[in-house]
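Examining the three-dimensional arrangement
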Amino acid sequence: AEFIATGLMLTGIIIALFQADTNVAGPAVSDARIWTFGTGGTLKLAEGAVEVFAEGYIQRGVAGELLNGDTIRAKGNAYTLGVQYNYVPVWVGVSFTSFSGERDEDPTDTTANRFAGYESLNDLLVMEDSYYGFDWDSNYQALKLWLGARVSTARKDDLELMAILGVLEATERVFTQGGADTNDELGYEIDFRIRWHLNKQALLHASLGLLFG
């Protein structure tokens, strides 16, 4: 869905149902029925020079069943907030993205806090990309800062240069260190991207991603 008024564009509304068999109640029983509700929008200010964007999702329904027959309730959530400033031919932006994770290790817990099912988040080459990286898209939060510019070589503004920094953490602590100690740090990533538009039908691109910390 799309709605535009006074610079605010509602870019999407989603209501989705995921249904699957978790093989707990029997191979022919679909005991996971997770509903996802979400929306997002962009607010353009100063004749489009400033873009403020946001999107959010919640998950409700049944995530499965425990062996004792108790129902596991889906309680996942995810959101992104950000702003980008465009000063042709340069743009700079910052965003914060969060996907909920599981809050405890209690095997009798009857809530599933982990957000499940958001794909195609490919801002960062190593941590997020589904082709080259870890494709990490749950129990994850990232603060991202980026800077880009267009320069002219063979044609006007045909070369795009971009750098992005990600400060990355697990939303909930998951890594065991020396027994009882846990840690939520995933590190820092710096990516560099080059896109050369040869013509309207073809372009060349190269990327380099470094994850450290």
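For the structure given in this document, a descriptive report is provided here.

Some points on the overall build of the chain
- A tally of regular secondary structure across the chain gives 0 helices and 14 strands.
- Along the chain, from the amino end to the carboxyl end, the secondary structure elements read β-β-β-β-β-β-β-β-β-β-β-β-β-β.
- Looking at the chain as a whole, 31% of its 213 residues are labelled buried.
- Here the contacts in the chain between residues at least 6 apart in sequence split such that 49% fall between residues at least 24 apart.

Examining the environment of Asp-158
- Position of Asp-158 relative to the elements: it lies in the loop between strand S9 (140-151) and strand S10 (159-169).
- With 37 residues separating them along the chain, Asp-158 and Arg-195 place their C-alpha atoms 8.1 Å apart.
- Here Asp-158 is in contact with Val-151, Ser-152, Thr-153, Arg-195, Trp-196 and His-197, once residues within four sequence places are set aside.
- Side-chain polar atoms of Asp-158 contact the backbone nitrogen of Ala-154, separated by 3.2 Å.

Points about the side chain of Thr-111
- Take Thr-111: it is sitting in strand S8 (residues 111-112).
- Ignoring anything within four residues of it in the chain, the contact list for Thr-111 reads Ile-72, Arg-73, Lys-75 and Glu-102.

Section: the pairing of strand S3 (residues 32-45)
- Strand direction decides the pairing type here: S3 and strand S4 (residues 50-65), joined by 13 bridges, are antiparallel. Residue pairing in the sheet places Thr-39 in a bridge with Gly-56 of S4.
- Here S3 hands over to S4 after 4 residues, with Ala-46 in that stretch at a positive phi of 50°.

Notes on a positive patch on the surface
- Among the surface-exposed residues, Arg-60, Arg-73, Lys-75 and Arg-103 lie close enough to one another that they form a single positively charged patch.
- Residue position: Lys-75 is located in the loop between strand S5 (71-74) and strand S6 (77-87).

A few points about the environment of Lys-144
- Note that Lys-144 resides in strand S9.
- The exposure class of Lys-144 is buried, given its relative accessible area of 1%.
- Along the primary structure Lys-144 and Phe-96 are separated by 48 residues, whereas in three dimensions their C-alpha atoms are 6.4 Å apart.
- Polar side-chain contacts of Lys-144 include one of 2.9 Å to the side chain of Glu-128.

So, the pattern of salt bridges
- Enumeration over the complete set of coordinates arrives at 6 salt bridges.
- Where Glu-160 meets Arg-150, a salt bridge forms, and the shortest distance between an N and an O atom there is 3.6 Å. You can see Glu-160 sitting in strand S10 and its partner Arg-150 sitting in strand S9, a full 10 residues away along the chain.
- By relative accessible area, Glu-160 is classed as buried at 17%.
- Glu-160 is the partner of Arg-195 in a salt bridge, and the nearest nitrogen-oxygen pair spans 3.7 Å. Note that Arg-195 is positioned in strand S13 (residues 185-197) and Glu-160 in strand S10, a separation of 35 residues in sequence.
- A relative accessible area of 35% places Arg-195 in the partly exposed class.

Here's the deal with the nonpolar core
- Residues Phe-99, Tyr-140 and Leu-168 are the most contacted members of the largest nonpolar core, which totals 14 residues.
- When contributions to this core are tallied by element, the ones reaching two or more residues are strand S7 (90-99), S9 and S10.
- With 3 residues, the single largest contributor to this core is S9.

Calculation criteria
Residues numbered from 1 in each chain as written. Predicted model: local features only at pLDDT ≥ 70, side-chain atom pairs only at ≥ 80, totals over all residues. Heavy atoms only, no water. Helix = DSSP H or I, 4+ residues; strand = E, 2+ residues; numbered from the N terminus. Buried < 20%, exposed > 50% of the residue type's maximum accessible area, 1.4 Å probe, protein only. Contact = heavy atoms within 4.5 Å. Polar contact = N/O pair within 3.5 Å; in protein donor to acceptor, adjacent residues only side chain to side chain. Pairing = 2+ DSSP bridges. Patch = residues over 30% accessible without salt bridge, like charges linked within 9 Å, V, L, I, M, F, W, Y side chains within 5 Å. Areas by Shrake-Rupley, 256 points an atom, 1.4 Å probe, with all protein chains shown as cover. Salt bridge = Lys/Arg side-chain N within 4 Å of Asp/Glu carboxyl O. Lys, Arg positive; Asp, Glu negative; His and termini not counted. Charge placed at Lys NZ, Arg CZ, Asp CG, Glu CD. Core = buried A, V, L, I, M, F, W, Y, C linked by side-chain atoms within 4.5 Å.

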